[in-house]
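Observations on chain architecture
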Amino acid sequence: MFYTFMLRVVAPILRALFRPRVEGLENVPRYGPLIVASNHLSFIDSFIIPLSLPRPVTYIAKADYFEGKGLKGWFVRWFLTTLGHVPIKRGAQRAAMGALQQGLEILDNSGAFAIYPEGTRSPDGRLYRGRTGVGWLVLASGARVLPVAVEGTDKIQPLGASVPRVLGPRPTVRIAPPMDFGHYRDLPPAKARRAITDEIIETIQKLSGQEYAGTYNERADADTRSDGRSGRAAS
């Protein structure tokens, strides 16, 4: 019921406000398990990408987004929860693996599950090294990966901005053909996870044209250190 309401009423309004350009829509499989892997420039990426795809998409979302105060906090929590987004406490390994397990359940039911391999938003527009949670999902589910690149969302809602600019710069969503990683299954699991993740990041970099940082995003690392535990399994 809610998804139908979003599809027919809310989505057209949001598309009119943000006016995303979509390239490669023909590459999106309409059915079957699918991992949507994207770069991450802005909080609104998790809204712009689902608006641009012709099927429901579920995200892992930072737990902080579910804990906001006031009317805005309530709306964000309601919106993300109703869409089926999965909260994750960055840095907590048990919670991280729990979120990936929920993602695996979605894929096992032929759903589309989205993840940001970098782990968090880019602080400077560069593309950072991928965390291997996406590789784990690929090996555990056997699902194909849909590489996606967003451009311009950081101009609509920069890091630290509380609200997005509507009717401002138009974002672009670029979609590459699905990637299959069955040929990595004979590798040792850790090596396969790393190889899969690196190949996905390389494809996203070609789509986005971003400079590749070659290191992990330090913002995610700082959150991990402050928590005192390792969250790399699902980052």
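Core analysis: the biggest nonpolar cluster contains 30 residues, and Val-36 and Leu-80 have the highest contact counts within it. Mapped onto this core, the elements with two or more residues apiece are helix H1 (2–18), strand E2 (34–38), helix H2 (45–52), strand E3 (58–62), helix H3 (70–82), strand E5 (112–115), strand E6 (144–151) and strand E7 (172–175). The greatest single-element share of this core, amounting to four residues, is contributed by H2. Excluding anything up to four places from it in sequence, Leu-80 contacts Phe-47, Ala-61, Tyr-65, Phe-66 and His-85. With 25 residues, the next largest nonpolar core counts Ala-37, Leu-137, Met-179 and Ile-200 among its residues.

For the rest of this paragraph, the subject is the pattern of salt bridges. Tallying each qualifying case throughout the model produces six salt bridges. Two residues, Glu-23 and Arg-174, come together in a salt bridge whose shortest N-O distance is 3.2 Å. Highlighted residues: Glu-23 in strand E1 (residues 21–23) and Arg-174 in strand E7, separated in sequence by 151 residues. Here the salt bridges do not stand alone but share partners, grouping Glu-23, Glu-151 and Arg-174 into one network.

This part is about a nonpolar patch on the surface. On the surface, Leu-71, Trp-74, Phe-75 and Trp-78 cluster together into a nonpolar patch covering about 460 Å² of accessible area. Here Trp-74 lies in helix H3.

Another point: unusual backbone geometry. Most peptide bonds take the trans configuration, and most residues that are not glycine carry a negative phi. Although it is not a glycine, Ser-110 adopts a positive phi angle of roughly 65°. If you trace the backbone, Ser-110 turns up in the loop between helix H4 (93–108) and E5.

Here we take up the environment of Pro-178. Topologically, Pro-178 is positioned in the loop between E7 and helix H7 (189–208). The spacing of Pro-178 and Pro-29 is 149 residues in sequence and 7.9 Å in space, taken between C-alpha atoms. Leaving out residues up to four positions away in the same chain, Pro-178 has contacts with Asn-27, Pro-29, Arg-144, Val-145, Leu-146 and Pro-147.

Moving on: the pairing of E6. Buried residues dominate E6, accounting for six of its eight residues. Bridge count for E2 against E6 is five bridges, and the pairing is parallel. Bridged to Ser-38 within E6 is Val-148. Note: E6 against E7, four bridges, orientation antiparallel. Across the sheet, Val-150 pairs through a bridge with Val-173, a residue of E7.

Next up on the list: the environment of Pro-169. Here Pro-169 shows up in the loop between helix H6 (153–156) and E7. For the pair Pro-169 and Lys-155, spaced 14 residues apart in sequence, the C-alpha to C-alpha distance is 6.8 Å. In contact with Pro-169, other than residues within four places in its own chain, are Arg-19, Lys-155 and Ile-156.

This paragraph deals with the pairing of E2. Within E2, five of the five residues are buried, leaving the element largely enclosed by the surrounding structure. By the alternation rule, side chains of E2 split into Leu-34, Val-36 and Ser-38 and Ile-35 and Ala-37, which are all buried. In this sheet, E5 lies alongside E2 in parallel orientation, the contact comprising four bridges. The residue bridging Leu-34 from the neighbouring strand is Ala-112, located in E5.

Calculation rules
Residues numbered from 1 in each chain as written. Predicted model: local features only at pLDDT ≥ 70, side-chain atom pairs only at ≥ 80, totals over all residues. Heavy atoms only, no water. Core = buried A, V, L, I, M, F, W, Y, C linked by side-chain atoms within 4.5 Å. Buried < 20%, exposed > 50% of the residue type's maximum accessible area, 1.4 Å probe, protein only. Helix = DSSP H or I, 4+ residues; strand = E, 2+ residues; numbered from the N terminus. Contact = heavy atoms within 4.5 Å. Salt bridge = Lys/Arg side-chain N within 4 Å of Asp/Glu carboxyl O. Patch = residues over 30% accessible without salt bridge, like charges linked within 9 Å, V, L, I, M, F, W, Y side chains within 5 Å. Areas by Shrake-Rupley, 256 points an atom, 1.4 Å probe, with all protein chains shown as cover. Pairing = 2+ DSSP bridges.

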